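Residue-level listing of the chains:
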Amino acid sequence: ATKEHAEVRRLLSELDAMPADDEHWDQTVTALTLAVQQHVAAEEEKLFAAVQKLLDDDQARTLAETFEAMEARVEEEEEEEGKGKPEAAARGRAAK
């Protein structure tokens, strides 16, 4: 996990220093997205296995329902704000 965190920090640092119209912007955003997704998937696998051992069926169901409701709310807010694509927002800032 430490190596993965370092990679995400490195990519974030590169993006921070890079103009949004840089030819490598999209490639770096894609690399960051993949790094975060892979890390989250690995952490979820470990975390969910551990939590599954601790919760009974009712607790697990309640937790899943709560998570799904929160996820739906976040997706609705993103749609309302038009923030589904951070790279597009950054490009808009750079174009000004």
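Since the structure is predicted, the reported quantities are computational estimates derived from the model, not experimental observations.

*Asks:* Explanation requested: the nonpolar core in the structure shown.
*Replies:* Where a protein is soluble and globular, its nonpolar side chains tend to be buried together. With nine residues, the main nonpolar core is built from Val8, Leu11, Leu15, Met18, Ala20, Trp25, Val29, Leu32 and Ala35. Of all the secondary structure elements, the ones that give two or more residues to this core are helix H1 (2-17) and helix H2 (25-54). With four residues, the single largest contributor to this core is H2.

*Asks:* Any chance you could explain helix H3 (residues 57-81) here in plain terms?
*Replies:* Side chains that are three or four residues apart share a direction in an α-helix, a result of its 3.6 residues per turn. The end-to-end C-alpha distance of H3 is 36 Å, a good match for the 36 Å that 25 residues give at a rise of 1.5 Å each. Of the residues flanking the start of H3, the one acting as N-cap is Asp56, its side-chain oxygen 3.1 Å from the backbone nitrogen of Asp58. Directly beyond the C-terminal end of H3, a positive phi value near 70 degrees is found at Gly82.

*Asks:* How do you make sense of the pattern of salt bridges when you look at a structure like this?
*Replies:* Between side chains of opposite charge, a pair can form when the charged atoms approach closely. Applying the stated criterion across every chain, the model contains three salt bridges. Two residues, Glu14 and Arg10, come together in a salt bridge whose shortest N-O distance is 2.1 Å. One end of the pair, Glu14, and the other, Arg10, are both in helix H1, four residues apart, so they sit about a helical turn from each other. Look at Glu14 and you get partly exposed, because its relative accessible area is 31%. Of the residues examined, Arg10 reaches a relative accessible area of 39% and is grouped as partly exposed. One salt bridge in this structure joins Arg61 and Asp58, with 2.9 Å as the shortest N-O distance. Linking Arg61 with Asp58, this pair stays in helix H3, spanning three residues, or about one helical turn. Arg61 sits in the partly exposed class, given a relative accessible area of 45%.

*Asks:* I would appreciate a short explanation of the packing of H1 against H2 in the present structure.
*Replies:* How two helices sit against one another is set out by the angle between their axes and by the gap between those axes. Two elements in contact, H1 and H2, have axes separated by 10 Å at closest approach and are oriented at 155 degrees. Put simply, H1 runs roughly antiparallel to H2. The way H1 lies across H2 gives a crossing that is left-handed. Contacts between H1 and H2 pair Glu4, His5, Glu7, Val8, Leu11, Leu12, Glu14 and Leu15 from the former with Trp25, Thr28, Val29, Ala31, Leu32, Ala35, Val36 and His39 from the latter. Within the contact of H1 with H2, the residues separate by chemical class into ten nonpolar, three polar and three charged.

*Asks:* I'm lost on the side chain of His39 in this one. Help?
*Replies:* Secondary-structure assignment places His39 in helix H2. Those residues in contact with His39, other than ones at most four positions away along the chain, are Ala1, Glu4 and His5.

*Asks:* I tried to follow the environment of Met18 on my own but got confused; where do I start?
*Replies:* Within the element layout of this structure, Met18 appears in the loop between H1 and H2. For the pair formed by Met18 and Thr28, sequence separation is ten residues and the distance between their alpha carbons is 9.6 Å. Aside from chain neighbours lying at most four places away, what touches Met18 is His24, Trp25 and Thr28.

About the thresholds
- Throughout this document, residue positions are counted from 1 along each chain, in the order its sequence is written.
- Reporting in this predicted model follows two pLDDT cut-offs: at least 70 for local features of residues, and 80 or more for side-chain atom pairs to be given and counted; totals over whole chains, interfaces and linings ignore these cut-offs and use all residues.
- Note that water and hydrogens are dropped before the side-chain values are worked out from all heavy atoms of the structure.
- In this description, a nonpolar core means a group of buried Ala, Val, Leu, Ile, Met, Phe, Trp, Tyr and Cys residues linked to one another through side-chain atoms lying within 4.5 Å.
- Between buried and exposed lies partly exposed: a residue is buried under 20% and exposed over 50% of the maximum accessible area for its type, with that area taken using a 1.4 Å probe on protein chains only.
- Only DSSP runs of H or I reaching four residues or more are called helices, and only runs of E reaching two or more are called strands; each is numbered from the N terminus.
- Helix span, as expected, comes to 1.5 Å for every residue beyond the first.
- Counting of polar contacts relies on pairs of N or O atoms within 3.5 Å, with two restrictions inside protein: one atom must be capable of donating a hydrogen and the other of accepting it, and residues adjacent in sequence are counted only when both atoms are side-chain atoms.
- By convention in these notes, a salt bridge is any Lys or Arg side-chain nitrogen within 4 Å of a carboxyl oxygen on Asp or Glu.
- Fitted lines through C-alpha atoms give the axes, limited to the stretch in contact for helices. The angle between two N-to-C directions lies from 0 to 180 degrees.
- Throughout, the term roughly parallel applies to angles under 35 degrees, roughly antiparallel to angles over 145, roughly perpendicular to angles from 65 to 115, and oblique to all others.
- Helix crossings fall into two classes, left-handed where the near helix is turned counterclockwise from the far one by less than a right angle and right-handed where it is turned clockwise.
- Residues count as neighbours in contact if any of their non-hydrogen atoms are within 4.5 Å of one another.
- Under the scheme applied here, ten amino acids are nonpolar (Ala, Val, Leu, Ile, Met, Phe, Trp, Tyr, Cys and Pro), four are charged (Asp, Glu, Lys and Arg), and all others, including Gly, are polar.

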